[in-house]
Number of protein chains: 2
Amino acid sequence: MAMRQGKQTFVFENGVYVLAGASIAGKKEGQGPLGMGFDMVLEDDHWGEDSYEKAERRMFSQALDMAAQKAKLAAENIDLVIGGDLLNQIISASFAARDFSAPFFGIYGACSNMAQSLLLGSLLVNAGYCTNVLCATSSHFSSAERQYRFPLEFGNQRTPTAQWTVTGAGATLLSSVRGNISITSATVGKIIDMGIKDANNMGAAMAPAAADTLSAHFSDTGKTPADYDLIITGDLGLLGKELAIELLQKKGYDVSANMNDCGCMIFDQQQDVHMGGSGCGCSATVLNSHLLNGLRTGIYKKILFASTGALLSPTSSLQGESIPGICHAICIEGGKV
Amino acid sequence: MAMRQGKQTFVFENGVYVLAGASIAGKKEGQGPLGMGFDMVLEDDHWGEDSYEKAERRMFSQALDMAAQKAKLAAENIDLVIGGDLLNQIISASFAARDFSAPFFGIYGACSNMAQSLLLGSLLVNAGYCTNVLCATSSHFSSAERQYRFPLEFGNQRTPTAQWTVTGAGATLLSSVRGNISITSATVGKIIDMGIKDANNMGAAMAPAAADTLSAHFSDTGKTPADYDLIITGDLGLLGKELAIELLQKKGYDVSANMNDCGCMIFDQQQDVHMGGSGCGCSATVLNSHLLNGLRTGIYKKILFASTGALLSPTSSLQGESIPGICHAICIEGGKV
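Residues numbered from 1 in each chain as written. Chains lettered and ligands numbered in written order. Predicted model: local features only at pLDDT ≥ 70, side-chain atom pairs only at ≥ 80, totals over all residues. Heavy atoms only, no water.

Engineer: Explain the side chain of Asp261(A) to me, please; I cannot follow it from the model alone.
Structural biologist: Residues and elements named next belong to chain A. Inspection of the secondary structure assignment puts Asp-261 in strand S12 (residues 259–261). Put simply, Asp-261 is tucked away with no salt bridge, and the nearest opposite charge, on Lys-241, sits 7.6 Å away. Only 2.9 Å separates the side chain of Asp-261 from the backbone nitrogen of Gly-237, close enough to count as a polar contact. With residues up to four places along the chain from it excluded, the contact list for Asp-261 reads Ile-232, Thr-233, Gly-234, Asp-235, Leu-236, Gly-237 and Lys-241. (Helix = DSSP H or I, 4+ residues; strand = E, 2+ residues; numbered from the N terminus. Buried < 20%, exposed > 50% of the residue type's maximum accessible area, 1.4 Å probe, protein only. Lys, Arg positive; Asp, Glu negative; His and termini not counted. Salt bridge = Lys/Arg side-chain N within 4 Å of Asp/Glu carboxyl O. Polar contact = N/O pair within 3.5 Å; in protein donor to acceptor, adjacent residues only side chain to side chain. Contact = heavy atoms within 4.5 Å.)

Given below as structure tokens:
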């Protein structure tokens, strides 16, 4: 099939364009190295709502609205909203999509949601099913801590390999209408589980999935790491990034010169986040600010964007299960018009 | 666009075939009116596992394996597994997909998962992206009670409008390879929320979404209820079904003669399930046994299969939120070869 390369990669030859990206982030993220690039930065993590969950949902809604506005499209011109988040039953995405009032596809790929929604949206736009698709995701440090670990009030100590869930939401508007930035191919990931059981070491749990999907992408497309200005994973953090580079080396791909990780970029080491940022909002905010800006201004010509997800739940961990990881990779190119 | 009819409906003109369907159900479901049709019936709900969650995951795995076996396809011939379930972070689907070892798309549409996975799978097969896609979902009475309501040991009394979560899993193998049963169109749903807040009355919460999607399907395609031998919703239950029929009547569509609901069919009123069955496994097991058998044997020629989902979480309910509903509709036809 013409639309397929190798076993896991889809090629988008009919034109899938990024019309707009929008990002909103928390105060701590705003103080980080990429803070200036976000469209909006919250002054506090409650944002006037009476729960962290409601604040997260409002960020999700805000990202949807801002992306549509930037592309000058009304909600009725959006054919589909694709989104998910980390909260149980993806309530941030579902309630935000309810208020946006477009047809909705809920997804769950943990922190791989940004890449998964872009992959799915690109498949539908390239095939001619949809003209405009809005892809979005969110996470919130405080709602994630409460659900996955401990309520903040408990004041537990974080382990050295812990990462900091990004408070933020990002939305990307994909379209068949010509624009400057396009998505040209995407590789769908397999679930990889190397038996890691430490829920405070997600980077190590996800690194094998990242290496598996990236090497599948290179092998399916015949491309090499040097074909990309930047290969950027979602939220492996400092430790996971090193592991992924090492695993890829063993598979014969040297990405040490041009691979980075959104979780390593969004916070400064002075911000006391241990291994770096994590959460769906991590790659979503970095893509929809820094990376799209870089593609728009020509700093990057071609990037491979690969959000990573750890498919655990507190229940699976309590029942002694290991942590399956997944990663989807999206090739995004600038200056194609 | 040729592949699109109206605002929410996609038409599959290139051929999307149902090569196989597999179903596995719990003991109570096996004793119900459709019990004889399931491929497997468990003797007890633990199935030898040490938690209900592990039993549910094993059912999910079993359904994937059986569907692939029935279609005589090895795992490496499956291009994609699409699935989700009700457990937090869709662990049943993710862990089963890990063991199946194919590329994976996690979805979440609550009990609309069976229709949502078929919709997405049909879009990808029809466009030529994939040859074989395995769509699946599951639910388990005991894992759902524990997560959404109370642990069984608590012995709480069920309210009159409560439904009984089906213990079961279903998997459908979609393919571009010609078969007797085909999916010819599908309508993607919007999230509809009429303000119902009673988490023990899901039928009422989901009925408006069912009415909205079914009427969108009729209006997009120009078809009428009489064009279908059966219009079958997922898990509205007795009350929700009546409400949906009434709401459709108000929209000008009389479905009273040929609409039924999987939740009303899977249990007998003597089985003390109050309003009927619910859960992802409800429409998944009924589709992959009774409905596909009916299409295969000519009892049905054309059905409109519309799984329904309530997009709440215990957290959203505790925070005073109402229950958003969603419904996706799939047109399945028999005897097309």
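After that view of the structure, there is still more to cover.
Engineer: How should the pairing of strand S9 (residues 168–175) of chain B be read in this particular structure?
Structural biologist: Every other side chain in a regular strand lies on the same face of the sheet, so the side chains alternate between the two faces. Residue and element names in this part refer to chain B. Along S9, eight of the eight residues are buried, which leaves the element largely enclosed by surrounding structure. Residues Gly-168, Gly-170, Thr-172 and Leu-174 point to one face of S9 and Ala-169, Ala-171, Leu-173 and Ser-175 to the other, with burial holding for every one of them. Pairing of strand S3 (residues 17–25) with S9 involves eight bridges; the strand directions are antiparallel. Within the sheet, the bridge partner assigned to Ala-22 lies in S9 and is Ala-171. (Pairing = 2+ DSSP bridges.)

Engineer: I tried to follow the interface of chain B and chain A on my own but got confused; where do I start?
Structural biologist: Quite often, the size of an interface is put as the accessible area lost when its parts meet. Taken residue by residue, the interface counts 65 residues in chain B and 65 residues in chain A. Taken over both partners, the interface formed by chain B and chain A buries close to 5100 Å², and the fraction arising from carbon and sulfur atoms is 59%. Applying the counting criterion to the chain B and chain A interface returns nine salt bridges. Of the charged contacts in the structure, one is a salt bridge between Glu321(B) and Lys54(A), with a shortest N-O distance of 3.8 Å. For the pair chain B and chain A, the number of links is 34 residue pairs in polar contact (both at pLDDT 80 or more). Here the side of chain B that touches chain A gets seven residues from one element, more than from any other, and that element is helix H4 (residues 113–126) of chain B. (Buried area = accessible area lost by both parts, 1.4 Å probe.)

Engineer: Mind showing me how you'd approach the packing of aromatic side chains here?
Structural biologist: Aromatic ring pairs: the centre-centre distance and the angle between the two ring planes describe each pair. Taken as a whole and judged by the stated rule, the model has 10 aromatic pairs over all chains. Ring centres of Phe10(A) and Tyr129(B) lie 5.4 Å apart, and the angle between their planes is 80°; this geometry places the pair in the edge-to-face category. Taken together, the residues Phe10(A) in strand S2 (residues 9–11) and Tyr129(B) in the loop between H4 and strand S7 (132–139) connect one chain to another. An aromatic cluster is present here, built from Phe218(A), Tyr228(A) and Tyr253(A) joined pairwise through their rings. Arg58(A) extends its terminal NZ or CZ atom over the ring of Trp47(A), reaching a point 3.9 Å from the ring centre. Between the NZ or CZ atom of Lys302(A) and the centre of the ring of Tyr228(A), over which it lies, the distance is 5.4 Å. (Phe/Tyr/Trp six-rings, centres within 6.5 Å; stacked < 30°, edge-to-face > 60°. Lys NZ or Arg CZ within 6 Å of the ring centre and 35° of its normal.)

Engineer: Sorry, what's going on with helix H9 (residues 280–297) of chain B here?
Structural biologist: Within an α-helix, residues lying three or four positions from one another point in the same direction, as the helix has 3.6 residues per turn. Residues and elements named next belong to chain B. In this model H9 runs 25 Å from its N-terminal to its C-terminal C-alpha over 18 residues, within 8% of the 26 Å that 1.5 Å per residue would give. At Leu-287, H9 shows its largest kink, close to 45°. Phi turns positive, to about 90°, at Gly-298, one or two residues after H9. (Expected span 1.5 Å × (residues − 1). Bend = angle between axes of the 7 residues up to and from the residue.)

Engineer: Quick question: what am I supposed to make of the nonpolar core here?
Structural biologist: Nonpolar side chains tend toward joint burial in soluble globular proteins. Counting 102 residues, the largest nonpolar core has Phe305(A) and Phe305(B) as the members making the most contacts within it. Listed in part, the 78 residues of the second largest apolar core include Tyr148(A), Ala71(B), Phe104(B) and Leu134(B). (Core = buried A, V, L, I, M, F, W, Y, C linked by side-chain atoms within 4.5 Å.)

Engineer: Quick question: what am I supposed to make of the relation of the copies chain B and chain A here?
Structural biologist: For these two chain copies, the linking operation is a rotation about an axis paired with a shift along it. Between chain B and chain A, the superposition needs a rotation of 180° and an axial shift of 0.0 Å, giving an RMSD of 0.0 Å. The transformation relating the two chain copies, once decomposed into turn and shift, fits a two-fold axis. Ranked by how close their C-alpha atoms come to the rotation axis, the residues of chain B are headed by Ile107(B), at 2.0 Å. The share of interface residues of chain B whose copies in chain A are also at the interface is 100%, consistent with both copies meeting through the same surface. (Least-squares fit on C-alpha atoms with pLDDT ≥ 70 in both.)

Take it as geometry only, folks, not as evidence of what the structure does.
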